[in-house]
Structure formats: structure tokens, C-alpha cells
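Per-entry structural report
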Amino acid sequence: MPVTLAASPADAAALADELTRFRVVEPARLNELLSEFPGGDARALADHLVRSGALTAFQVGFIA
């Protein structure tokens, strides 16, 4: 069974914390992407990171 990045991220901030903790996205890059993020829930952040090329759709599949 694969390990998920976040068992059930309640919001975008929790997802960002998990991505930093597991070093999935470099902290400087994540901060840049978060400054461009218009807001929303964890799914919206994940979609933003895929569009930005920081995560793949495959990686996002482990988040939900």
C-alpha cells in the first residue's frame, strides 16, 4: 500500500506543510507557487501545482 502525502488534508495550508515536510517541492519553489495561488482548498492547490509543473498528476493521485 503506497504512503500518501497527507491522509486527509483539510485545507491548502495542511497540504503545503506536508509537501514541505516530505520535501516533495523545494521550499523556495513552493513559496513562489503559493504566492501565485489564488486560494481554495487542498484540491485547488494540488491542481495549481500540477499546472505549474511542480507536481505530476500521478503524485496528486496519492494526496486524496
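Values in this document were obtained by computation on a predicted structure and should not be read as measured data.

A short note on a negative patch on the surface
Together, Asp-11, Asp-17, Asp-41 and Asp-47 make up a region of like negative charge exposed at the surface. With respect to the secondary-structure elements, Asp-47 resides in helix H3 (residues 42-51).

Considering the packing of helix H2 (residues 27-36) against H3
Two numbers describe how H2 lies on H3: the axes approach to 11 Å, and their chain directions differ by 115°. The angle between H2 and H3 places the two elements in the roughly perpendicular class. Crossing of H2 over H3 shows right-handed handedness. Where H2 approaches H3, its residues Leu-30, Leu-33, Leu-34 and Glu-36 are matched on the opposing element by Leu-45, His-48 and Leu-49. Split by residue class, the contact of H2 with H3 holds five nonpolar, one polar and one charged.

Section: the side chain of His-48
With respect to the helices, strands and loops of the structure, His-48 is situated in helix H3. A polar side-chain atom of His-48 sits 3.0 Å from the main-chain carbonyl oxygen of Leu-33. Residue contacts for His-48: discarding those within four places in its chain leaves Leu-33, Glu-36 and Phe-37.

What about the confidence of the model for the chain?
Summarising the model, the chain shows a mean pLDDT of 85, and 83% of its residues fall at 70 or more. H2 holds the highest mean pLDDT among the elements of the chain, 96, whereas helix H4 (residues 57-60) holds the lowest, 91. Considering only residues more than four positions removed or in separate chains, one finds that residues 1-9, a stretch of pLDDT under 50, has 15 contacts.

The rules behind the values
Residues numbered from 1 in each chain as written. Predicted model: local features only at pLDDT ≥ 70, side-chain atom pairs only at ≥ 80, totals over all residues. Heavy atoms only, no water. Patch = residues over 30% accessible without salt bridge, like charges linked within 9 Å, V, L, I, M, F, W, Y side chains within 5 Å. Areas by Shrake-Rupley, 256 points an atom, 1.4 Å probe, with all protein chains shown as cover. Salt bridge = Lys/Arg side-chain N within 4 Å of Asp/Glu carboxyl O. Lys, Arg positive; Asp, Glu negative; His and termini not counted. Charge placed at Lys NZ, Arg CZ, Asp CG, Glu CD. Helix = DSSP H or I, 4+ residues; strand = E, 2+ residues; numbered from the N terminus. Axes fitted to C-alpha atoms, helices over the stretch in contact; angles between N-to-C directions. Parallel < 35°, antiparallel > 145°, perpendicular 65-115°, else oblique. Left-handed = near helix turned anticlockwise from the far one by under 90°. Contact = heavy atoms within 4.5 Å. Nonpolar A, V, L, I, M, F, W, Y, C, P; charged D, E, K, R; others polar. Polar contact = N/O pair within 3.5 Å; in protein donor to acceptor, adjacent residues only side chain to side chain. pLDDT = per-residue confidence, 0-100.

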